[in-house]
Amino acid sequence: MRLLLLILSMLALPAQARSIIDSAGRSVDIPEEVNTVFAAGPPASILVYIMKPEALTGWPRALRPEERDYIAEPYRDIPETGRLTGRGGEANLERVLEIQPDLIIDFGSVRDTYIDLANRVQDQTGIPYILIDGRFENTPDALRLIGEALGVPERGEALAADVETTFGRIDTILDDIPEDVRPRVYLARGPEGLETGMKGSINTEIIERAGGRNVADDGGATRGLVQASMEQVIVANPDTIVTWDPNFYGKVFDDPLWQSIDAVRDGHVYLSPTAPFGWIDRPPSLNRMMGLIWMAGLLYPDKWNGTLREDTRAFYELYYHVDLSDDELERLLEWAEGRPPM
């Protein structure tokens, strides 16, 4: 096995290379031209697809039927490759070497665990492996970095500037709204709605960036996903609830326990679209920019300049390379308006 890996890694070595500094501060030699990329996980696959779709060698998970219309046709049937990082990482090095990409990209955490994995895979395969910081506030830098790595710096700069414009629009809105009067938001995950993300978690970044106050806040003692109790949600009493789970959405208004909460009583429970990728998280990649736009419009409808239909159509064309038909747009927005598509 080691001999096979050595032989294949020698075949994978680029003839010419240039150096790039990734988000972990690693200097990585990559080919002068990067034409094929192996995405280490779902967040990276979205980032590569958005930036240079023809370079993506496969989806970590094959597209589901309801997702296909929202991906450009040439990339709907590229193979399933598995993933190198995260839960359920099942891609092995032989599979990576079989594909022989010019570059491996991971998008997300740049903690030591991921640095060690990148170094190990790079050493064993001879394929350069770069890490890109996936923190939401780092999005413009991430776009510029991947644009440089993939040889499309103009697109990287254009998308980074678009993100900065969106951030700026939200900042302008929030400048006039004190923290203590901003909407109190709860993220309801799962069919019971009791899984949520604590303030500062990757799962709730867009809620907080859009100017919502995450009610799952213990002062920073806990991060990430947690299981809440119904009593905790009732005490928190959010005025806005967002979810991506149609099962939870379908029953929340008829549940006596949830009916006591302001958001439910006032009809401020919103269902996020998930095609081709989730607007809130699932996975936490550039798809969250659409969720940020949606969330800003939900929380500050009188201040956000734009309509959901216009914003969605423009985003999907610029980022996802698809010009949505009226029917495709309507089916997508049925989610955001509380009518899951059949």
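Residues numbered from 1 in each chain as written. Predicted model: local features only at pLDDT ≥ 70, side-chain atom pairs only at ≥ 80, totals over all residues. Heavy atoms only, no water.

As for the environment of L47
- Mapped onto the secondary structure, L47 falls in helix α2 (residues 42-51).
- Sequence separation of L47 and A158 is 111 residues, and the distance between their C-alpha atoms is 14 Å. (Helix = DSSP H or I, 4+ residues; strand = E, 2+ residues; numbered from the N terminus.)

A short note on helix α6 (residues 153-174)
- Between its terminal C-alpha atoms α6 stretches 31 Å, which fits the 32 Å expected from 22 residues at 1.5 Å a residue.
- Turning to α6, its buried residues are G156, L159, A160, V163, T166, F167, I170, I173 and L174. Angular distribution of buried residues about the axis of α6 spans 140°; they occupy a single face of the element. Facing away from the buried surface of α6 by more than 90 degrees, the exposed residues are E154 and T172.
- In this structure, the buried residues of α6 make contact with α2, α5 (139-149), α7 (205-209), α11 (288-299) and α12 (308-320). (Expected span 1.5 Å × (residues − 1). Buried < 20%, exposed > 50% of the residue type's maximum accessible area, 1.4 Å probe, protein only. Arc of directions from axis to C-beta. Contact = heavy atoms within 4.5 Å.)

Here's the deal with the sheet that holds strand β3 (residues 37-39)
- Taken in spatial order, the three strands line up as β3-β4-β5 in an open sheet, and their pairing is parallel. Two strands bound the open sheet, and with one partner strand each, they are β3 and β5 (129-133). Ignoring which end each strand starts from, the neighbouring axes of this sheet average 30° apart.
- Pairing of β3 with strand β4 (residues 103-108), which is carried by three bridges, proceeds in the parallel orientation. Each bridged residue has a counterpart across the sheet, and for F38 the counterpart in β4 is I104.
- Strand contacts of α2: β3, β4 and β5, with the helix running at about 110° to β4, the strand carrying the most contacts. (Pairing = 2+ DSSP bridges. Axes fitted to C-alpha atoms, helices over the stretch in contact; angles between N-to-C directions.)

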